[in-house]
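If you want the building blocks of each chain, they are given just below.
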Amino acid sequence: MEEFINTSERTLHDTSNQSKPQSSWLDAHAEFIAKLESAYKAPLEPKEISSEVRHYGFSIGELNLLVAENMHCEILEENIIFPIPLAPNWLVGTCNVRGDIVPIIDLERILTGKIRIAGPHEYKTFIIGEAENAMGLLLSKLPVPIHFKKESQISIFSGLPKLVQQFITIGYKRDEEVWVCIDFTSFFATLTNQQES
C-alpha cells in the first residue's frame, strides 16, 4: 500500500514537471506572442495608388485615339470583309466575328475624305467592343500600350475634328500631342442615323 502511494505521488510529481516547460516557454515568449497578435489585428495599409493610367493607342490620320485597357478589343488575323451594296463610302463592309456581323469603318475617310487605297494585307482590322456593340476600324499600324500621368488629363479639345469632339470621353496631352478616348458606339450610331436621314 505504501509502495502504491509513493508511486502515485511520483507519477503526479512527474506530470507536474512535464507541464512546467510549456508554461515557461509561453512566459519566455510572451512579448513575441503579443507582437504577433497585435500585427494580426492591425488594419491593412492601403496599397499605393498609381499616378498613371494605361490605354492602347493608335493614330488615324492626324487623330490620336485611345482604347481603355479594360475594353474588349482584338485584331483579326484574316481580313475577310464583305462589301455592302449601296452602303456609304466610309462603311467598308462587314465581317463575321464568331457569329456576330460587325461593321468595318474607314475612319480616316470620314475625317479627311481621303480614299484608302490599300491591299488586303496592308492594313489590320481592329475590332472594338463585343456582340451587337462591336465595330471594326482599318488600321495601318497595330495599337500600342501608352501610359499617361493622371495630371496630364485635359478637357479642351478645340483643335480636334468637330465630328469627334462631342464623343470624347477623356483626353490626355503627352509630348505636345493630344490623345483621346471616344465613345465609338455612339459615334457609329450617329453616323448611321445621319446617313439614313
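For the structure itself, look to the data block above.
Bear in mind that the values here come from a model prediction, so they are computed numbers and not experimental data.

How each quantity is defined
Residues numbered from 1 in each chain as written. Predicted model: local features only at pLDDT ≥ 70, side-chain atom pairs only at ≥ 80, totals over all residues. Heavy atoms only, no water. Pairing = 2+ DSSP bridges. Helix = DSSP H or I, 4+ residues; strand = E, 2+ residues; numbered from the N terminus. Axes fitted to C-alpha atoms, helices over the stretch in contact; angles between N-to-C directions. Contact = heavy atoms within 4.5 Å. Phe/Tyr/Trp six-rings, centres within 6.5 Å; stacked < 30°, edge-to-face > 60°. Buried < 20%, exposed > 50% of the residue type's maximum accessible area, 1.4 Å probe, protein only. Lys NZ or Arg CZ within 6 Å of the ring centre and 35° of its normal. Polar contact = N/O pair within 3.5 Å; in protein donor to acceptor, adjacent residues only side chain to side chain.

J.: Explain the sheet that holds strand β3 (residues 73–75) here, please?
T.: Paired through backbone hydrogen bonds, the strands of a sheet run either parallel or antiparallel to each other. The mixed open sheet is built from five strands, whose spatial order is β3-β6-β7-β5-β4. Whereas interior strands pair on both sides, the edge strands pair on one side only; in this sheet they are β3 and β4 (91–97). The mean angle between the axes of side-by-side strands here comes to 30°, regardless of whether they run parallel or antiparallel. As defined by bridge partners, β4 adjoins strand β5 (residues 100–105) across six bridges and the pair is classed as antiparallel. Paired with threonine 94 across the bridge in β5 is proline 103.

J.: Any chance you could explain the environment of tyrosine 172 here in plain terms?
T.: Looking at the secondary structure, you find tyrosine 172 in strand β10 (residues 168–174). Spatially, the C-alpha atoms of tyrosine 172 and phenylalanine 148 are 7.1 Å apart, while their sequence positions differ by 24 residues. Ignoring any residue separated from it by four or fewer positions in sequence, one finds tyrosine 172 in contact with Val53, His55, Leu66, Phe148, Lys149, Ser152, Gln153, Ile154, Glu177, Val178 and Trp179.

J.: Any chance you could explain the side chain of threonine 94 here in plain terms?
T.: In this structure, threonine 94 sits in strand β4. In contact with threonine 94, not counting residues within four places along its chain, are Ile80, Ile81, Phe82, Ile84, Ile101, Val102, Pro103 and Ile104.

J.: Before we go on, may I ask you to explain the pairing of strand β1 (residues 52–60) in this structure?
T.: Side-chain direction in a regular strand flips from residue to residue, so the side chains alternate between the two faces of the sheet. As paired strands, β1 and strand β8 (residues 144–149) are joined by six bridges and run antiparallel to one another. In the sheet register, glycine 57 faces β8, and the bridge partner there is valine 144. Pairing between β1 and strand β2 (residues 63–68): six bridges, direction antiparallel. By the bridge assignment, histidine 55 is partnered in β2 with alanine 68. Following β1, the chain reverses through two residues before pairing antiparallel with β2; glycine 61 in that reversal takes a positive phi of roughly 65°.

J.: Mind showing me how you'd approach the packing of aromatic side chains here?
T.: Centre distance and the angle of the planes are the two values used to describe a pair of aromatic rings. One pass over the structure, following the stated rule, counts four aromatic pairs. The interplanar angle of 70° and the centroid separation of 5.4 Å between the aromatic rings of phenylalanine 58 and phenylalanine 126 together place this pair among those described as edge-to-face. Remark: phenylalanine 126 occurs in strand β6 (residues 124–128) and phenylalanine 58 occurs in strand β1; sequence separation between them is 68 residues. Measuring from centroid to centroid gives 5.4 Å for phenylalanine 167 and phenylalanine 187, while their planes differ by 80°, and the two rings are edge-to-face. Of this pair, phenylalanine 167 sits in the loop between α4 (162–165) and β10 while phenylalanine 187 sits in helix α5 (residues 184–196), and the two are 20 residues apart along the sequence. Per residue, the accessibility class of phenylalanine 167 equals that of phenylalanine 187, and both read buried. Across from the ring centre of phenylalanine 148, 6.0 Å away, lies the NZ or CZ of arginine 174, which sits over that ring.

J.: Would you explain the side chain of glutamate 74 in this entry?
T.: Within the fold, glutamate 74 resides in strand β3. Within polar-contact distance, the side chain of glutamate 74 engages the side chain of arginine 98 at 2.6 Å. Beyond its immediate chain neighbours, meaning those up to four positions away, glutamate 74 contacts Val97, Arg98, Thr125, Phe126 and Ile127.

J.: Which parts of the structure should I look at to understand the sheet that holds strand β11 (residues 177–182)?
T.: In spatial order, the strands read β8-β1-β2-β11-β10-β9; together these six strands make up an open sheet with mixed pairing. Since the sheet does not close on itself, it has two edges, and those belong to β8 and β9 (153–154), each with one partner. Inspection of the sheet shows β9 paired to β10 by two bridges, in the antiparallel sense. Its bridge partner being in β10, isoleucine 154 is matched across the sheet by glycine 171.

J.: Can you help me understand the pairing of β11 in this one?
T.: Looking at chain direction, β2 and β11 are connected through three bridges and run parallel. Residue pairing across strands places asparagine 64 opposite tryptophan 179, the latter belonging to β11. Judged from the six bridges that link them, β10 and β11 form a sheet pairing that is antiparallel. Each residue of the ladder has a partner; that of isoleucine 168, found in β11, is isoleucine 182.

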